[in-house]
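# Architecture and fold: a report
What follows is the residue order along each chain.
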Amino acid sequence: MTADTLPRTTARRASGGGQLLSKVLLVVVGVVFAFPFLWMLATSLKPTDEVFATGTSLIGSRIAWDNYQIAWTAVPFGRILLNSLLVALLGAGLTVTVSVLSAYAFTRFTFRGRAALFGGFLATMVLPQEILVIPLFFMMQQLQLVNSFPALILPFAFGAFGTFLIRQFLLSLPPDYEEAATIDGAGRLRTLVSVIVPLLRAPIAVVFVFSFIEYWGSFLWPLIIVNDASMATVPIGLQMFSGERGTDWGPMMAAVTLVVIPSLVIVVLLQKQLRQGVAMSGFGGR
Amino acid sequence: MATVAPTGSGSTIASPTTARTAPGAARRRRPRWPLALYLGPGMLGFSVFIVLPLLFSLVMSLYDWPLFGQAEFVGLENYRRMLTGDPAFWASLFTTVLFAIVYTAANLAVCLGLSYWLMSLGRRWASSFRVLFFIPVVTPMIGNALIFRLMLNDDGVVNQMLARLGISGPSWLSTPGWAMVSLVLMSLWQGIGYNIIVLGAGIAGISPSVLEASRIDGAGPILRFTRVIFPMLSPTVFFCTVMTVIGAFKVFAQPYALTEGGPANSTTTLVLLLYRNGFSYDRLGYASALAWALFVVVMLITAFQFSQQKRWVSYDS
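Since the structure is predicted, the reported quantities are computational estimates derived from the model, not experimental observations. (Residues numbered from 1 in each chain as written. Chains lettered and ligands numbered in written order. Predicted model: local features only at pLDDT ≥ 70, side-chain atom pairs only at ≥ 80, totals over all residues.)

## Quick word on the overall build of chain A
- Along chain A, the regular secondary structure elements total 14 helices and one strand.
- By the compact-globule yardstick of 19 Å for 286 residues, chain A is too spread out, its C-alpha radius of gyration being 24 Å.
- Along the first, second and third principal axes, the C-alpha atoms of chain A reach 75 × 70 × 35 Å. (Helix = DSSP H or I, 4+ residues; strand = E, 2+ residues; numbered from the N terminus. Rg over C-alpha atoms; globule rule 2.2 N^0.38 Å.)

Below, the structure is given as structure tokens:
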């Protein structure tokens with residue numbers, strides 16, 4: 001629908017006008033797509049009583065920085081951001097560690113029932129977590145772990161995705177490196193840590209980033225297991241905030257802005273891993 | 001896990017297992033604990049946090065199980081009630097199916113169009129726009145929903161813009177039909193980034209010489225898309241469709257935060273109904289039965305999609 005409607009030159013860049021028009025149109029699409037964030041930012045700096053009165057204007061009668069102050073103090077925002085960061089980092093770290101160990105076991109050991117065990121493990125990827133959250137809630141209740149970091153982290157660190165992805169890479173990794181290290185006298189664990197793990201940097205990064213994002217955005221489980229602002233993660237903090245000040249749009253958008261910014265940083269910093277990860281999870285099986 | 005024979009070689013899949021263990025009679029006597037060391041953590045967590053809850057969920061669905069207090073065995077009563085005594089179940093199933101169909105169709109159409117468009121503009125443009133489209137995937141859904149609640153308010157910026165064009169906008173979030181439209185719109189904004197990357201990778205994998213050949217043959221962009229690109233991309237499109245439908249069936253945070261399931265339960269999806277039954281109405285057993293219904297429906301639909309794939313998916317390149 002773009003460059004190709006114009007003279008069929010092989011060099012796409014050469015087809016001037018159409019290409020330019022196409023780019024301009026795409027920028028318009030981009031602006032429309034980014035508009036909700038723009039509007040969020042604009043609203044976060046408007047006095048609340050002007051939010052709807054200002055119509056389509058991006059600025060109000062004054063810049064209401066105090067919205068941010070209200071947002072920051074109404075719920076313990078610093079604590080909440082820290083909780084989320086801690087849960088996501090520890091969760092992703094645990095997921096990666098467990099996945100590497102399991103993938104190693106599934107590729108470098110042979111044992112009876114290996115294929116069946118791996119198949120069963122893999123099959124649980126299709127289980128919706130919605131089935132698991134109710135019994136998990138009951139388990140956490142029995143273990144007195146409601147409202148705790150272990151409850152937020154542990155249940156979702158043992159899925160098959162990470163093991164599956166890293167296993168794919170291990171299968172294609174020639175054993176020569178490991179054999180060389182073993183001949184040199186290194187033990188299994190040392191070989192794994194100092195020889196294999198560095199070679200698996202790419203899939204490990206992908207598993208880490210995906211797991212991080214899953215913890216970061218997880219909503220249903222924290223909603224069930226957290227009942228106190230001090231243990232809230234970012235989505236729950238926002239939920240609490242909107243529950244208390246549902247029509248206080250200025251401070252509320254300030255709060256949303258405060259959680260959108262770190263997410264934005266994550267996407268921009270980790271774009272390579274994200275792209276690889278999406279592509280790998282789409283094609284990793286083949 | 002009786003025989004443990006550590007092998008150094010990597011490229012074993014399933015079949016060589018027996019061949020490997022047979023000659024290693026001496027190996028069998030080697031200690032088994034190394035395997036346990038590597039496999040243990042993962043399988044322990046898997047058992048405790050996936051297998052156990054899975055089995056337990058089946059058990060709970062046979063009980064009248066309150067949040068706190070004594071559970072009572074009721075047999076299949078929860079399932080009977082779900083299928084024959086609770087109109088809310090059928091209503092939410094209908095809502096969920098409607099959402100899944102509309103959302104998946106719109107998502108795939110938008111993502112295919114955008115990926116094809118991005119491809120034509122070269123690598124730099126494509127990658128920066130892919131980053132842009134991916135941002136709402138990562139920002140917390142509750143935040144996204146709050147932004148849309150603000151914009152789609154009766155006096156919100158969307159209606160004010162429409163008013164400037166002389167259109168009187170609807171009550172987006174408080175009329176049943178428009179609430180569903182709003183839900184789909186917000187979910188699209190939030191979700192397309194994912195499929196754009198997957199489809200983009202698929203398109204990038206199409207050999208340029210094939211495209212070039214079709215161009216020389218004089219195929220226009222539309223013909224080229226329907227006859228060349230789409231067939232070559234169909235396995236990727238199939239994958240995206242399957243995953244998007246599964247995701248759509250589990251939609252929860254959007255209706256929870258954007259429309260609160262309303263108006264008149266018109267956006268109460270299965271998972272929202274499940275959450276409310278479990279944690280607002282104190283019926284964990286019934287909620288477990290709903291979870292199993294969700295699982296069965298998702299599996300049936302996925303199986304159906306696989307059975308239909310030979311009609312339109314071509315795996316030969």
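## With respect to helix H10 (residues 201-217) of chain A
- Taking 1.5 Å of rise per residue, 17 residues should cover 24 Å, and H10(A) covers 24 Å from first to last C-alpha, within 8% of that figure.
- In terms of burial, H10(A) is a largely internal element, 13 of the 17 residues being buried. (Expected span 1.5 Å × (residues − 1). Buried ≥ 20, exposed ≤ 12 C-beta atoms within 10 Å, placed from the backbone.)

## Quick look at the nonpolar core
- One finds A:Ile166, A:Ala255, A:Val256, B:Ala145, B:Leu146, B:Leu274 and B:Leu290 to be the most contacted residues of the largest nonpolar core, which totals 155 residues.
- Residue contributions to this core peak at 13 residues, all from helix H3 (residues 77-108) of chain A.
- In terms of domain composition, this core takes at least three residues from each of domain 1 (5-44) and domain 2 (75-280) of chain A.
- Setting aside residues no more than four positions away along its own chain, B:Ala145 makes contact with B:Met186, B:Ala253, B:Gln254, B:Ala257 and B:Leu258. (Core = buried A, V, L, I, M, F, W, Y, C linked by C-beta atoms within 7 Å. Domains from an automatic or database assignment. Contact = placed C-beta atoms within 7 Å.)

## Quick notes on the interface of chain B and chain A
- With 84 residues of chain B at the contact, the number on the chain A side is 88 residues.
- Take the side of chain B that touches chain A: its biggest share by element is 15 residues, from helix H3 (residues 33-60) of chain B.

## Points about the confidence of the model for chain A
Residues and elements named next belong to chain A.
- Model confidence for chain A is summarised by a mean pLDDT of 85, while 91% of its residues fall at 70 or above.
- Between the elements of chain A, mean pLDDT differs from a low of 70, seen in helix H14 (residues 271-283), to a high of 95, seen in helix H6 (residues 149-153).
- Counted against residues more than four places away or in other chains, residues 1-14, with its pLDDT under 50, gives 28 contacts. (pLDDT = per-residue confidence, 0-100.)

## Looking at the domain arrangement of chain A
All names here are of chain A.
- If you check the domain split of chain A, you get domain 1 (5-44) and domain 2 (75-280).
- A C-alpha centroid distance of 35 Å is found between domain 1 and domain 2.
- Opposite the five residues of domain 1 that make contact, domain 2 presents seven residues.
- In the side of domain 1 that touches domain 2, the residues fall into three nonpolar, two polar and no charged. (Nonpolar A, V, L, I, M, F, W, Y, C, P; charged D, E, K, R; others polar.)

## Considerations on the confidence of the model for chain B
Residue and element names in this part refer to chain B.
- Confidence along chain B averages 85 in pLDDT terms, with 89% of residues attaining 70 or more.
- In the predicted structure, residues 1-29 sits below a pLDDT of 50 and forms 45 contacts with residues beyond four places in sequence or in another chain.
- Taken together, the chains of this predicted complex give a pTM of 0.86 and an interface ipTM of 0.85.

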